[in-house]
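# Summary of structural features
One-letter residues, chain by chain:
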Amino acid sequence: MSVQAPFEGWRVLELSNGIAASYCGKMFADAGADVVKLETQRGDSLRYWSAGGPPGALFSYLAAGKRSVVHRAGAGITALLAGADVVLTDLTDGWTLEGITRHTGPAAVVLAVTPFGTTGPYVDEGVVANEFILQALCGSIDGRGWPGDEPVQAGGRLGEWLAGTFAAAVAAAAARHALRTGHGEVIDVSTYEAMAIAMGGLSAMSASVLGADSLVHQRSLELPSIVPTADGLVGFCTITAQQFQDFLVMIERADLLDDADLASFEGRVARRDEFLGMVTQWTRARSTREIVDLAVAFRIPVAPIGSPATLPEVDHFVERGVFVDSGAGALRPRVPYRSDAIATAPPRQPPELGADNGRCDWPPRPARADPRADALPLSDIRIADFTAFWAGPFATQLLGALGADVVKIEGVRRPDGMRFSAGRPPTWDQWWEWGPVFLCSNNNKRAISAELSADAGRAIALDLIASSDLVMENFSPRVMENFRLDWDAVRAANPRAVMVRMPAFGLDGPWRDRVGFAQTMEQATGMAWMTGHADGPPVIPRGVCDPIAGLHAAFAAVAALVVRDRSGAGMQVEAVMVESALNVAAEMVLEYTGNGIEMRRAGNRGPGATPQGVYACRGEDEWVAIAAMDDAARAALAGLIGQPGLPEAEWRERADELDKLISGWAAGFTAADAARALRASGVAAAPVTPAAALLSDPQLRARGFWERVDHPVAGSFLCTGMPFAFAGRPRRWIRRVPPLYGQHTAEVLTGVLGYGAGDLASLHECGAVAARPAGL
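The structure displayed is predicted, hence computed values, not measured ones. (Residues numbered from 1 in each chain as written. Predicted model: local features only at pLDDT ≥ 70, side-chain atom pairs only at ≥ 80, totals over all residues. Heavy atoms only, no water.)

## Quick notes on the sheet that holds strand 6 (residues 185-190)
If you trace the seven strands from one edge of the open sheet to the other, you get 3-2-1-4-5-6-24, paired in mixed fashion. The sheet terminates laterally at strand 3 (67-70) and strand 24 (724-726), the two strands that pair on one side only. Going across the sheet, the axis of each strand differs from the next one's by a mean of 20°, ignoring polarity. Taken together, the six bridges between strand 5 (residues 109-114) and strand 6 define a ladder with parallel strand orientation. Each residue of the ladder has a partner; that of Leu111, found in strand 6, is Ile187. (Pairing = 2+ DSSP bridges. Helix = DSSP H or I, 4+ residues; strand = E, 2+ residues; numbered from the N terminus. Axes fitted to C-alpha atoms, helices over the stretch in contact; angles between N-to-C directions.)

What follows is the structure in C-alpha cells.
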C-alpha cells in the first residue's frame, strides 16, 4: 500500500497570534499541507510567550514545519491570498474577513476563529474576553469545586485548543469539497460556542431536555477521583453502578455494598469527608503502581496522575512512541492518528521570522464549476457509525452536520449507554429515549438495531459497511474483534472503506485493554495536573477530552477520505483518545523537557492577564471573573479599588494583598453589576455563570447557536448546534432530530441494503433486530 500525506499540495495561509488558529494550522501542516504564516514585522505574539524559561517552546510546537512571510516584505501578499486554498485567521493584526476575502479565489475556504464569532451583541458591545472570561461565561468555572469554596477554572487554556481542533475539522471537510468542486466557504467559528458545547454544555443540555425535573447541578468534584497514594497520586472514575460496587470491594469495604446513600453521587457528596477518609486510608497505604494494577484487574477506570516530569516515562507512552524528539532537545507528542496508508510530518523546526520572504509562489487555481458545488461538504459520504457514549458520537454528529449520511448501529442487548444516562427513571415509558447527552450528540443520524453477537446481526453490519465510505467505532479493541468486525472483515466487505478506530489508549501497548473514559484521560495526560488551586490537589477539567478526541478523529477521517479519493483504496486509521489529549496538553512536556520548567496548577491565575481571578459578590454564591490583560486595564482596576497610580510592578509583587482589595470591592456589588462596572472601565470581566443560564444567553441566542428540536418522545427542547456559521447558508445544522432506538431499521435495511419485507420479519423473529432494547 502506498503511503501519502493527505493534504500534500494544499496551500494554507495562517494569520494568527494565538493558540486556536495556530493549532488549526499545525494540524494541516502535520497532514502535509504547505502552511505559510503571514506575520507582522514583530511576528506572532506566541514567539515571545514563555511559561517561565526561555520563550518559544509553545511556538516551536505550533509552528513546526510552517513557513514565515512578513507583511511588509514587498509584493506578493495579495498573490498569497489569491493562491491559498485555505486561509486561517483569528482576525488580529487588523485583518478583517472582508479584507481577506477581497483577494481570495472562489474556491478558497476562509475560516476565522474568534472569541465570540464575528456577530452578535457581545461583539457589538465590544466585550473583551480571554479564555478565562469565556470559561466564566460558558458554565465551566461555575461547576468545578465544592459549594462554598471558590470555583476554579480548567487549566491549560483548553478552550483555545478545543476551538482550534473544531476549526481544523470543519476547514478540512470544506477544503476537500472546495478542491473537488471549485466552491469555497467563509466560516465563522466562535470559541465561546465551542466551549459552551464541550465545557459547560452538559448541564445546559440536561436543563433543556428535562426542564424542572433536571437535577440541580451544584458545584462539585467527582467522588472518587484523585487521591494521594504512598508515593504519588492516582485517579479513579466510576461511571457505572457496577464500577462503584467493584471499587468498594477493591478498597476492602464490601460491607458498604448495600449502603443506598453511598450508591448515589448525591449521597457521597453529603458524606464526602467520611467517604474520602475511608478511600485515602486505603490508598495511602499502597503504591500508585499497586493500586493501578488492582483497579485494572477490577476493570475500574484508573490512571496515575500525569505530570510534566512523569508523562514521558509512562510505560504505555514509551512503548507506543508517543513522545518524539523535536530536534531541539525537547520532547513533543507525535500526531495523534496513524495509518499504514497515511504519511504525517515528522518533527520539524519552526521558521525564523520572515525566513520565506519572496520564496512563496502560489499561482491561482484554475476556475472550475461542478454541479455539486452548493451541496454540504460531506454530502457524498455515508458513515456506518458504531460509536457510543460521547467522543465517538460527537465525531459522527459533526460529520453528519456537514452533510454525511450517518447510520448509527446499536446492539439489541447493548445499545448506546448514553441513552440511559441522567435521563428519566425506568418507571417512565420509553425511558431510554431521554438521555440528554445522547439527544444532543446524535442529531443528523439514522438509527438501526443489529445484534452484532448474532450471525444475522453481523451480516447486517457487513452489508452496511459494504455500502459505506467511512466506518467509525470507539470501543476498546477487543470489542470489534469479538464481533469479528475488525479491519480485515471491513476490508473484505468493502476495499474502499475507511475505518477510523478510536480506542481510549490505542490498538497496542500495555494499556491497550484498559477501560478509559474522559475523566481517565484528563488524569493520565496532565490536564488534571494543570487544574485546581495551587495549594490543593489536581482536579479534572471534566469532560472536555471526549469532544477533543472526537474532533481529532473527525479530522483524521477527512484526511483519510482525501487519500482514499486519490488512491481508491480504503484504510484503517487509529485515532487514539489519550494521544489527542496529550497533543492539546503538550506545553507542559515541552517546557519541562526543553527548559526544565515544571508547569502546574495556579487556581484562577494564568497567562496573559494580571490580576486574574474570581471574586465573591453580594448574594448567595455570586462570583465575578476578572482578567486585566494590559496596562490600561490594570490602571483602571487600580482606580476602582482605591489604588490610583499603582506602579505596574506591584501587581505581581503584592498579588495576594491586591486580591484582597479586589475582593472587598466586588463584595459590594452583584456579579452582574460588578461585571458591568469593570467592562465600562475597560477591564475584561463576566459573571461566573451557571451552565443552565446558557439557554438564555443573548449572544448564543442572537447567533442561532441553540436549535429547537421536536422529538417524538422527549418533546421540544433547545439543542446545541455547531459553533460555526457558513456565510450565505442558513444556520441550521440539525436537519434530522436524534433518532429513537431502531427508528430507521426498516428504512435502511430495505431502502439502502435491499432487504425485503420477509427478510425484515425473519430478523425480528430471531432477535437480530428489535424495536426496543432487550430486557427493558
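There's more to say after this.
## Structural notes on helix 1 (residues 19-30)
End to end, helix 1 covers 16 Å across twelve residues, agreeing with the expected 16 Å (1.5 Å per residue, within 8%). Burial of helix 1 is extensive: twelve of the twelve residues sit out of reach of the surface. Among the residues making up helix 1, those that are buried are Ile19, Ala20, Ala21, Ser22, Tyr23, Cys24, Gly25, Lys26, Met27, Phe28, Ala29 and Asp30. Directly beyond the C-terminal end of helix 1, a positive phi value near 100° is found at Gly32. (Expected span 1.5 Å × (residues − 1). Buried < 20%, exposed > 50% of the residue type's maximum accessible area, 1.4 Å probe, protein only.)

## Quick word on the pattern of salt bridges
Counted according to the given criterion, the structure contains 54 salt bridges. The partner of Arg180 in a salt bridge is Asp380, and the shortest N-O contact between them spans 2.9 Å. Of the two residues, Arg180 sits in helix 7 (residues 158-181) while Asp380 sits in the loop between strand 12 (337-338) and strand 13 (382-385), which places them 200 residues apart along the sequence. Judged by its relative accessible area of 24%, Arg180 is partly exposed. Taking the relative accessible area as the measure of exposure, Asp380 reaches 33% and is therefore partly exposed. (Salt bridge = Lys/Arg side-chain N within 4 Å of Asp/Glu carboxyl O.)

## Things to note about helix 7
The terminal C-alpha atoms of helix 7 lie 35 Å apart, and with 24 residues this matches the ideal 34 Å at 1.5 Å per residue to within 8%. Across the 24 residues that make up helix 7, a large majority, 22, are buried. Trailing helix 7 by a residue or two, Gly182 shows a phi angle of about 80°, which is positive.

## Section: unusual backbone geometry
With an omega of -5°, the peptide bond running from Leu223 to Pro224 counts as cis. Here Pro224 lies in the loop between helix 9 (201-210) and strand 7 (226-228). In this chain, Thr610 is followed by Pro611 through a cis amide linkage whose omega measures -5°. By secondary structure assignment, the location of Pro611 is in the loop between helix 24 (587-595) and strand 19 (612-616). Although it is not a glycine, Glu252 sits at a positive phi angle of roughly 65°. Here Glu252 lies in the loop between helix 10 (241-250) and helix 11 (260-263).

## Brief notes about the sheet that holds strand 8 (residues 233-236)
Paired through backbone hydrogen bonds, the strands of a sheet run either parallel or antiparallel to each other. The strand order across the open sheet formed by three strands is 7-8-9, and the pairing between neighbours is antiparallel. The open sheet terminates on both sides in strands that have one partner only, identified here as strand 7 and strand 9 (302-304). Pairs of neighbouring strands in the sheet enclose a mean axial angle of 25°, with direction left out of account. Here three bridges tie strand 7 to strand 8, and the two strands are oriented antiparallel to one another. Within strand 8, the residue paired with Pro228 across the bridge is Leu233. Across the face of the sheet, helix 13 (residues 272-283) comes into contact with strand 7 and strand 8 while running at roughly 55° to strand 7. (Contact = heavy atoms within 4.5 Å.)

## Things to note about the side chain of Asp85
Secondary-structure assignment places Asp85 in the loop between helix 3 (77-83) and strand 4 (86-89). Judged by relative accessible area, which is 4%, Asp85 ranks as buried. A polar contact of 2.8 Å, which involves the side chain of Asp85, links it to the backbone nitrogen of Arg11. Here the side chain of Asp85 touches Arg365 through a polar contact of 2.7 Å, side chain to side chain. Excluding anything up to four places from it in sequence, Asp85 contacts Gly9, Trp10, Arg11, Ala107, Ala108, Val109, Leu179 and Arg365. (Polar contact = N/O pair within 3.5 Å; in protein donor to acceptor, adjacent residues only side chain to side chain.)

## Focus on the pairing of strand 6
Burial runs high along strand 6: five of the six residues are buried. Here strand 6 pairs with strand 24 via three bridges, running antiparallel. By the bridge assignment for strand 24, Val189 is matched with Phe724.

## Comments concerning the state of the cysteines
Here the structure, examined in full by the defined rule, presents zero disulfides. Here Cys237 is not disulfide-linked; the sulfur of Cys545 is the nearest cysteine sulfur, at 11 Å. This cysteine, Cys440, is not joined by any disulfide, and Cys719 carries the nearest cysteine sulfur, 3.5 Å off. (Disulfide = S-S within 2.5 Å.)

## Focus: the packing of helix 1 against helix 7
Packing of helix 1 against helix 7 brings their axes to within 7 Å, and their N-to-C directions diverge by 45°. If you check the angle between helix 1 and helix 7, you find them oblique. For the pair helix 1 and helix 7, the sense of crossing is right-handed. Within the contact between the two elements, helix 1 uses Ile19, Ala20, Tyr23, Cys24, Met27 and Phe28 and helix 7 uses Glu160, Trp161, Ala163, Gly164, Thr165, Ala167, Ala168, Ala171 and Ala172. Here the contact of helix 1 with helix 7 is built from residues that sort into twelve nonpolar, two polar and one charged. (Parallel < 35°, antiparallel > 145°, perpendicular 65-115°, else oblique. Left-handed = near helix turned anticlockwise from the far one by under 90°. Nonpolar A, V, L, I, M, F, W, Y, C, P; charged D, E, K, R; others polar.)

## Points about the domain arrangement of the chain
Each domain of the chain was delimited in the assignment, giving domain 1 (11-215 + 314-357 + 525-595), domain 2 (238-300) and domain 3 (611-688). Listed by partner, the interface residues are 14 residues for domain 1 and 14 residues for domain 3. Across the interface of domain 1 and domain 3, roughly 1,200 Å² is buried in total on both sides, 70% from carbon and sulfur atoms. For domain 1, the biggest contributors to the area lost against domain 3 are Phe132, Ile133 and Ala136; these three give 36% of the whole. (Domains from an automatic or database assignment. Buried area = accessible area lost by both parts, 1.4 Å probe.)

## Quick notes on the nonpolar core
By size, the foremost hydrophobic cluster in this structure holds 171 residues, and its most contacted members are Phe7, Phe28, Leu399, Val500, Phe555 and Phe724. Setting aside anything within four residues of it in sequence, one finds Phe555 in contact with Phe7, Met27, Phe28, Ala31, Ala168, Ala169, Ala172 and Tyr337. One finds Ala461, Trp487, Leu753 and Val769 within the second-largest nonpolar core, a separate group that totals 28 residues. (Core = buried A, V, L, I, M, F, W, Y, C linked by side-chain atoms within 4.5 Å.)

## Here's the deal with the pairing of strand 4
Side-chain alternation along strand 4 places Val86 and Leu88 on one buried face and Val87 and Thr89 on a second face that is also buried. For strand 1 (residues 11-15) and strand 4, the ladder comprises four bridges, and the chain directions are parallel. Within strand 4, the position partnered with Leu13 by the bridge is Val87. Pairing analysis gives four bridges linking strand 4 to strand 5, with the strands arranged parallel. Bridge pairing in strand 5 links Thr89 to Ala112.

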